[in-house]
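What follows is each chain in one-letter form.
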Amino acid sequence: MHPSDGQGYSPSVPGAYSHQMPAKVPPHQSSGQYNYSGSQIASQLNNYQGPGQILNRPPVAPLSGSPVQQTGSVPQVLPPALQNSAAVSSAGGFPPGASPPVLSNWQYSQTPVSHPAGSQTSHLAHVAGTASAQPPPSSLSGNTNPPGSYQYAASPGGPPLQNSYMKPGSAPPPVTQPLPPLHPPSRPPLGPPPVGGPPLIRPSTLTAAPPSNSASQSLLNSSANRDGDATSTASDGSVVQNSYDAIEGGGLMGKVLELTTTHPSPAPPNLKMGRSVGYSYPNLPPGYQNTSPPGAPGMQTPALQYPDGSKPFHQPPLGPNHLTASMGGLSLQQEGLRPVNLLQERNILPTTLLQAPVPNLHEDIQKLNCNPELFRCTLTNIPQTQALLNKAKLPLGLLLHPFKDLSQLPVVTSSTIVRCRSCRTYINPFVSFLDQRRWKCNLCYRVNDVPEEFMYNPVTRAYGEPHKRPEVQNATIEFMAPSEYMLRPPQPPVYLFVFDVSHNAIETGYLNTVCKTLLDNLDLLPGNTRTKIGFITFDSTIHFYSLQEGLSQPQMLIVSDIEDVFIPMPENLLVNLNENRELIQDLLKTLPQMFTKSLETQSALGPALQAAFKLMSPTGGRISVFQTQLPSVGMGALKSREEPNQRATAKDIHLTPSTDFYKKLALDCSGQQVAVDLFLLSGQYSDLASLGCISRYSAGSVYYYQSYHHKHNPVQVEKLQKELKRYLTRKIGFEAVMRIRCTKGLSIHTFHGNFFVRSTDLLSLPNVNPDAGYAVQMSVEESLTDMQVVSFQSALLYTSSKGERRIRVHTMCLPVVTTLSDVYLGADVQAITGLLANMAVDRSVSASLSDARDALVNAVIDSLSAYRSSVLSIQQPGLMAPHSLRLFPLYVLALLKQKAFQTGTNARLDERIFTMCQVKNQPLVYLMLMTHPNLYRVDNLTDEGALNINDRTIPQPPILQLSVEKLSRDGAYLMDAGSVMFLWIGKNCGQNFISQVLGVPNYGSVPQNMTHLPELETAESIRTIAFISWLREQRPFFPILYIIKDDSPLKSSFLQNMIEDRTESALSYYEFLLHIQQQVNK
Ligand SMILES: [Zn+2]
């Protein structure tokens, strides 16, 4: 490998972490904030593939590093994994202080060709060749169907194929007995592209897309080899062949390339109202459509015969309904298009939670669509071209919450998981069935065969209804994955806890809380009979605990050589939870007392993590590390960089890591399917910017308890208990990978969240948890001409805690539009805000905080300017926004005032970094809450409009604007800011509330540090507590409730969240609007 050439960690890209595509770095171009040039599209692909090269990663081969652990107590050389990562460091992901030329806008699209320069470009060219060049152009016209897979011409305008089926009994047809082809193979593959239809994509070649079965077979056979080869393959600059990549199946990249040039002459775009926006199955070939004239009663044509009474193939009728669909949405559209004069209309905040916009699809399609809580797009009307997207000046991207806890999740166990042979998309509700036997992929348009087994519907127990299978009826579904989806037997759940036991740590008293919570929840750790658990503690040395069966008590082994950490006794440090429960419980009971006399103040966190990594590498699993200070000795030791009086606007604010030790270690962990979760409990600066990398790149989570102390800060104790319980007991997925696919023409170019990007677009998630969110940015790489809809699909392949290999798939379908006003009409302001927040974190790190802030403001200015100049037909005075974006300035102002991006000295550096971690890792719903809190008046709660859940009545008070103007001294108000809540009691608050809810006689006797509401037997108390509990239950973290009065020291924190009001360092909402207006009118 060549450390110097960067291997994707391009030294020319400051702050470009491996999984940040160069696109997010301000372009090195001197003019034009937005790039409209055609060359951009070509470069997108190159850039896109760029990160695929990153990896001089250790092979995924599960057990490769393990001999180290097996050979006993002799200090060992580092496993190859550690050595490999040297390349990473020299490439320098973290150029301290380097600031690129800055533009205060985002390139929503991709960066130009010129960037990054030099080695990377040629490198990419080479890769592009290996990845996509195989099918020679001539093969496009040839019959490239794999043997046994026949594709039939749908004769344009003709009758559908005459298929007859024999129902083979009532049981599911045997998989092993494929139905003989009904048509002789000599029939031509696909007929000439019908005129006037959607782009017909010819089947891809065998080389590009081997049939799934043989692919999986060869994969199994060759996986070992491939793993072994990974490093050497990488060294010559080609794509690291990653076995997981092969399993999950490559994305569209490469394969799509050869499919793009064969568009038939496109039909003239239909008139707007005539566009069937998504009704029925999109892109039905004309031959099929013609069989059923609009309005005809379905597809029950005599052409399909089912001699033994099988139900005829029936797809929803394509009729005039789709017209009514658009008409039906008309009133909504009108409202959506209504320009709002923001300077005049002050009451734009909805009084109920803002819902995601509903895509303008026919209701039959929309009702199948993915829940926006799981999958959401910034623009629910997808612009047809990049030029149109550029005009809108809005970012295009997806926000995902893929592993969210779901109350209902269809799980399919089937030996055949039906996927597109070309692009590996999972069959989903938005594919089209050409007939019973063939379906057309909605991402690449390849026509695929319906496997015999799929003809039987296990839900209805009917045969011949492939389109009614659960896979085609549910946008969110989980598959039990057969062995082809495994590189090794599913790993057992393995949990390793790493505790800081320095003097400082013991002082905080955290170990008591953690050990007790762990003891209480030991039986609830997700797992099975194979679950393993282990413990490491550390101060200036590292302590291991042997939990060998037969020992009367745990045995502590101390390793004081922290320069070259070794595992003293590999066998009994990670032990079976069930078989060694008593010893484990003993240890948890005694640990908090063991170090109470310790005077050791040093912290060898880095070496402890190295030890943990070595211990975990053979299996993979989860490391939970608890740290209370700046690591001071051994690898990864850090120096304080916080200057208390530093203004946050200063350029050299330390948002970048000071060492790449933690990132490198995280990448090693990722390679061995180990994730590290960091619990930072600290009153002092601990350089979270550096430490956080350990979780970020290993797909872990970061928790931060500022000034944790068991006596001085008791509410933090409760918070830690509650959140740790959630953490310990929540669902977990191991050795996971996720891939997001989208319809051909769209391209994903930047990923946000905690993970590592393996091979181009495969996210490596050693652990996945239900509380993690992700975001991606996209561009329109090729015009979506003639497409009525596009689809997005995320597939998460993981091992459950029960040892099952599963695939969770979400698919979302959205309409394509051709006008700017339609793009604005479908704008999802919350998703846009969430994506911009992610981009702003990156910008803060790669450039500066002030640059990120400018870019946020410019996002508002640019989009409203574009709206004003290109959509509004009549120029009116004021600041006009489309209805869909009426909250955009407010939300951006809220971001500017949020801890991650605010100016002034309010936020401690670690706190700011932690908030940035949250922005990157939280699902949108929580991100919005912490950005723009919800304010309710609660002294007059009623049951009117209340929810009834499990015999509880939950009041639903209206949401108020965040301004002190809305507060009355007569009232009491609850502000829900996500991870914290404030209950503000007005000076003249009604006596009733004070006595019936707070349980004190009068305002003066409300205690200063009140953080709990007493449970009183009054209707008012019950209502208030029900409401607050309900809010708390809906999130994975535990918000502390602060009850504050006018003279409370926390009042300033409460007021800080009054987004619409002016603060010492920030504009009021009205001032902000005036500023925007001034810029827009320029
Ligand atoms: Zn496909």
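Just above, that's the structure.
Residues numbered from 1 in each chain as written. Predicted model: local features only at pLDDT ≥ 70, side-chain atom pairs only at ≥ 80, totals over all residues. Heavy atoms only, no water.

Caption draft 1: Structural detail: the overall build of the protein. The helix and strand inventory of the protein stands at 31 helices and 34 strands. Counting contacts in the protein only where the partners sit at least 6 residues apart, residues at least 24 apart contribute 79% of the total. (Helix = DSSP H or I, 4+ residues; strand = E, 2+ residues; numbered from the N terminus. Contact = heavy atoms within 4.5 Å.)

Caption draft 2: Spatial organisation of a nonpolar patch on the surface. A surface patch of nonpolar side chains, about 260 Å² in accessible area, is lined by Met 556, Ile 558 and Met 594. Positionally, Ile 558 belongs in strand S15 (residues 555-559). Judged by its relative accessible area of 54%, Ile 558 falls in the exposed class. (Patch = residues over 30% accessible without salt bridge, like charges linked within 9 Å, V, L, I, M, F, W, Y side chains within 5 Å. Areas by Shrake-Rupley, 256 points an atom, 1.4 Å probe, with all protein chains shown as cover. Salt bridge = Lys/Arg side-chain N within 4 Å of Asp/Glu carboxyl O. Buried < 20%, exposed > 50% of the residue type's maximum accessible area, 1.4 Å probe, protein only.)

Caption draft 3: Main features of the coordination of the zinc ion. In the first shell of the zinc ion, the protein supplies Cys 420 (SG), Cys 423 (SG), Cys 441 (SG) and Cys 444 (SG), at 2.3 Å from the metal. Each of the 4 donor atoms around the zinc ion contributes to a set of angles spanning 99 to 116°, which defines the coordination as tetrahedral. Mapping the donors of the zinc ion onto the primary sequence yields the spacing C-x2-C-x17-C-x2-C. Taking relative accessible area as the criterion, Cys 420 reaches 0% and is therefore assigned buried. (Donors = N, O, S within 2.8 Å, 3.2 Å for Na, K, Ca; no water. Tetrahedral: all angles 85-135°; square planar, octahedral: opposite > 155°, others 65-115°.)

Caption draft 4: Representation of unusual backbone geometry. In the Ramachandran plot, Asp 687 falls in the positive-phi region, its phi being about 55° despite a non-glycine side chain. By secondary structure assignment, the location of Asp 687 is in the loop between strand S18 (674-682) and helix H19 (688-691).

Caption draft 5: Molecular detail of the environment of Ile 1028. Considering the arrangement of structural elements, one finds Ile 1028 in helix H29 (residues 1019-1033). The buried category is assigned to Ile 1028, whose relative accessible area is 5%. The spacing of Ile 1028 and Leu 1013 is 15 residues in sequence and 9.8 Å in space, taken between C-alpha atoms. Ignoring anything within four residues of it in the chain, the contact list for Ile 1028 reads Leu 974, Met 981, Leu 1013 and Leu 1041.

Caption draft 6: Just helix H17 (residues 605-616), in detail. For H17, spanning 12 residues, the distance from its first C-alpha to its last is 16 Å, which sits close to the expected 16 Å at 1.5 Å a residue. For H17, the tally of buried residues reaches 12 of 12 residues, placing the bulk of the element in the interior. Regarding H17, the residues found buried are Leu 605, Gly 606, Pro 607, Ala 608, Leu 609, Gln 610, Ala 611, Ala 612, Phe 613, Lys 614, Leu 615 and Met 616. (Expected span 1.5 Å × (residues − 1).)

Caption draft 7: Representation of the pairing of strand S12 (residues 494-500). With 7 of 7 residues buried, S12 is to be regarded as a mostly interior element. Going residue by residue along S12, you find Val 494, Leu 496, Val 498 and Asp 500 tucked away on one face and Tyr 495, Phe 497 and Phe 499 tucked away on the opposite face as well. As judged from the 7 bridges shared by S12 and strand S13 (residues 532-538), these two strands associate in the parallel manner. What sits directly across from Tyr 495, in S13, is Ile 533. Bridge count for S12 against strand S17 (residues 621-627) is 5 bridges, and the pairing is parallel. Within S17, the position partnered with Tyr 495 by the bridge is Arg 622. (Pairing = 2+ DSSP bridges.)

Caption draft 8: Structural context of the environment of Tyr 926. Assignment of secondary structure puts Tyr 926 in helix H27 (residues 924-931). Note on Tyr 926: relative accessible area 12%, which makes it buried. In sequence terms Tyr 926 and Arg 1035 are 109 residues apart; their C-alpha atoms lie 7.7 Å from each other. Residues in contact with Tyr 926, not counting those within four places in the same chain, are Gln 1034, Arg 1035, Pro 1036 and Phe 1037. Of the polar contacts made by the side chain of Tyr 926, one reaches the backbone oxygen of Gln 1034; its length is 3.4 Å. (Polar contact = N/O pair within 3.5 Å; in protein donor to acceptor, adjacent residues only side chain to side chain.)

Caption draft 9: Molecular detail of the packing of helix H15 (residues 510-521) against helix H16 (residues 581-594). Where H15 meets H16, the axes come as close as 8 Å, and the angle between the chain directions of the two elements is 170°. Here H16 runs roughly antiparallel to H15, going by the angle between their axes. On H16, the residues touching Leu 511, Asn 512, Cys 515, Leu 518 and Leu 519 of H15 are Gln 585, Leu 588, Lys 589, Leu 591, Pro 592 and Gln 593. Residue composition of the contact of H15 with H16, grouped by class: 7 nonpolar, 3 polar and 1 charged. (Axes fitted to C-alpha atoms, helices over the stretch in contact; angles between N-to-C directions. Parallel < 35°, antiparallel > 145°, perpendicular 65-115°, else oblique. Nonpolar A, V, L, I, M, F, W, Y, C, P; charged D, E, K, R; others polar.)

Caption draft 10: Representation of the nonpolar core in the model. Counting 206 residues, the largest nonpolar core has Leu 398, Phe 792, Phe 888, Leu 974, Leu 983, Ile 985 and Leu 998 as its most contacted members. The contacts of Leu 398, once residues within four sequence positions are left out, are Phe 375, Arg 376, Cys 377, Ile 740, Tyr 774, Ala 775, Val 776, Met 778, Phe 792 and Met 812. In terms of nonpolar packing, the next biggest core, distinct from the first, is built from 38 residues, Leu 518, Val 575, Phe 595 and Tyr 703 among them. (Core = buried A, V, L, I, M, F, W, Y, C linked by side-chain atoms within 4.5 Å.)

Caption draft 11: Region of the structure containing empty space enclosed by the protein. Following the criterion strictly, the structure yields 16 cavities of 30 Å³ or more and no others. Approximately 280 Å³ is the volume found for the largest cavity. Along its surface, the largest cavity is lined by 20 residues, and Arg 696, Val 841, Ile 913, Met 916 and Cys 917 are the ones closest to its centre. Contributions of two or more residues to the lining of the largest cavity are made by H19, helix H20 (693-696), helix H23 (829-846) and helix H26 (909-921). Among the elements that take part in the lining of the largest cavity, H26 stands out by supplying 5 residues, more than any other. Considering only residue class, the lining of the largest cavity consists of 12 nonpolar, 5 polar and 3 charged. (1 Å grid on protein atoms, 1.4 Å probe; cavity = no way out; pocket = protein on both sides within 12 Å on 5 of 7 lines; lining within 4 Å. Points joined across faces, edges and corners; volume = space filled by probe spheres on them.)

Caption draft 12: Quick peek at the packing of aromatic side chains. Counted according to the given criterion, the structure contains 24 aromatic pairs. Pairing Tyr 495 with Phe 734 gives two aromatic rings, centres 6.1 Å apart and planes at 50°, and the pair type is tilted. Of the two residues, Tyr 495 is situated in strand S12 and Phe 734 in strand S20 (residues 733-742); the sequence distance between them amounts to 239 residues. A centroid spacing of 5.5 Å and a plane angle of 55° characterise the contact between Tyr 704 and Phe 914, whose relative ring orientation is tilted. Taken together, the positions of Tyr 704 in strand S19 (residues 702-706) and Phe 914 in helix H26 put the pair 210 residues apart, joining distant regions of the chain. As far as burial versus exposure is concerned, Tyr 704 and Phe 914 are alike and both buried. Over the ring of Tyr 727 we find Arg 622; its NZ or CZ atom is 4.2 Å from the centre of that ring. Sitting over the ring of Phe 1038, Lys 722 keeps its end group 4.3 Å from the ring centre. (Phe/Tyr/Trp six-rings, centres within 6.5 Å; stacked < 30°, edge-to-face > 60°. Lys NZ or Arg CZ within 6 Å of the ring centre and 35° of its normal.)

Caption draft 13: The arrangement of the sheet that holds strand S28 (residues 934-937) in detail. Sheet architecture is open: 5 strands sit in the order S31-S28-S32-S33-S34, paired in mixed fashion. In the strand order of this sheet, the two ends are held by strand S31 (959-960) and strand S34 (1040-1044), each with one partner. Looking at chain direction, strand S33 (residues 980-985) and S34 are connected through 5 bridges and run parallel. Among the inter-strand pairings, Met 981 is bridged to a residue of S34, identified as Leu 1041. Running at roughly 5° to strand S32 (residues 972-976), H29 makes contact with S28, S32, S33 and S34 of the sheet.

Caption draft 14: Focus on the pattern of salt bridges. In total, this model carries 33 salt bridges according to the counting rule given. Salt-bridge contacts for Arg 488 lead to Glu 735; the nearest nitrogen and oxygen are separated by 2.8 Å. With Arg 488 in the loop between strand S11 (476-480) and S12 and Glu 735 in strand S20, this pair connects stretches of sequence that are 247 residues apart. Glu 735 matches Arg 488 in its accessibility class, with the two residues each being buried.

Caption draft 15: Structural context of the sheet that holds strand S8 (residues 447-449). Overall, antiparallel pairing links the 3 strands, which are arranged S6-S7-S8 in an open sheet. The sheet is open, and its two borders are formed by strand S6 (432-435) and S8, each paired with just one other strand. Taken over all neighbouring pairs, the strand axes of this sheet differ in orientation by 35° on average, direction set aside. Pairing of strand S7 (residues 438-440) with S8, which is carried by 3 bridges, proceeds in the antiparallel orientation. Note on S8: the bridge partner recorded for Arg 438 is Asp 449.

Caption draft 16: Just the pairing of S33, in detail. Among the 6 residues of S33, 6 are classified as buried, and the element is accordingly described as predominantly covered. Of the two faces of S33, the one holding Val 980, Phe 982 and Trp 984 and the one holding Met 981, Leu 983 and Ile 985 are both buried throughout. Strand direction decides the pairing type here: S32 and S33, joined by 5 bridges, are antiparallel. Residue pairing for S33: Asp 976 is matched across the bridge by Met 981. Two successive antiparallel strands, S32 and S33, enclose a turn made up of 3 residues, where Gly 978 displays a positive phi of approximately 85°.

Caption draft 17: Just the packing of H23 against helix H24 (residues 849-870), in detail. At a minimum axis separation of 7 Å, H23 and H24 run at an interaxial angle of 150°. Looking at the two axes, H23 sits roughly antiparallel to H24. The hand of the H23/H24 crossing is right-handed. From H23, Leu 836, Ala 840, Arg 843 and Ser 844 reach across to H24, where they touch Leu 849, Asp 851, Ala 852, Ala 855, Leu 856 and Ala 859. Of the residues belonging to the contact of H23 with H24, the class tally is 7 nonpolar, 1 polar and 2 charged. (Left-handed = near helix turned anticlockwise from the far one by under 90°.)

Caption draft 18: Structural detail: the side chain of Asn 381. Relative to the assigned elements, Asn 381 resides in the loop between strand S2 (375-377) and strand S3 (382-383). Given the relative accessible area of 5%, Asn 381 is considered buried. A distance of 2.7 Å separates a polar atom in the side chain of Asn 381 from the backbone oxygen of Asp 822. When residues no more than four places from it in sequence are discounted, the contact partners of Asn 381 are Asn 360, Pro 815, Val 817, Asp 822, Val 823, Leu 825 and Gly 826.

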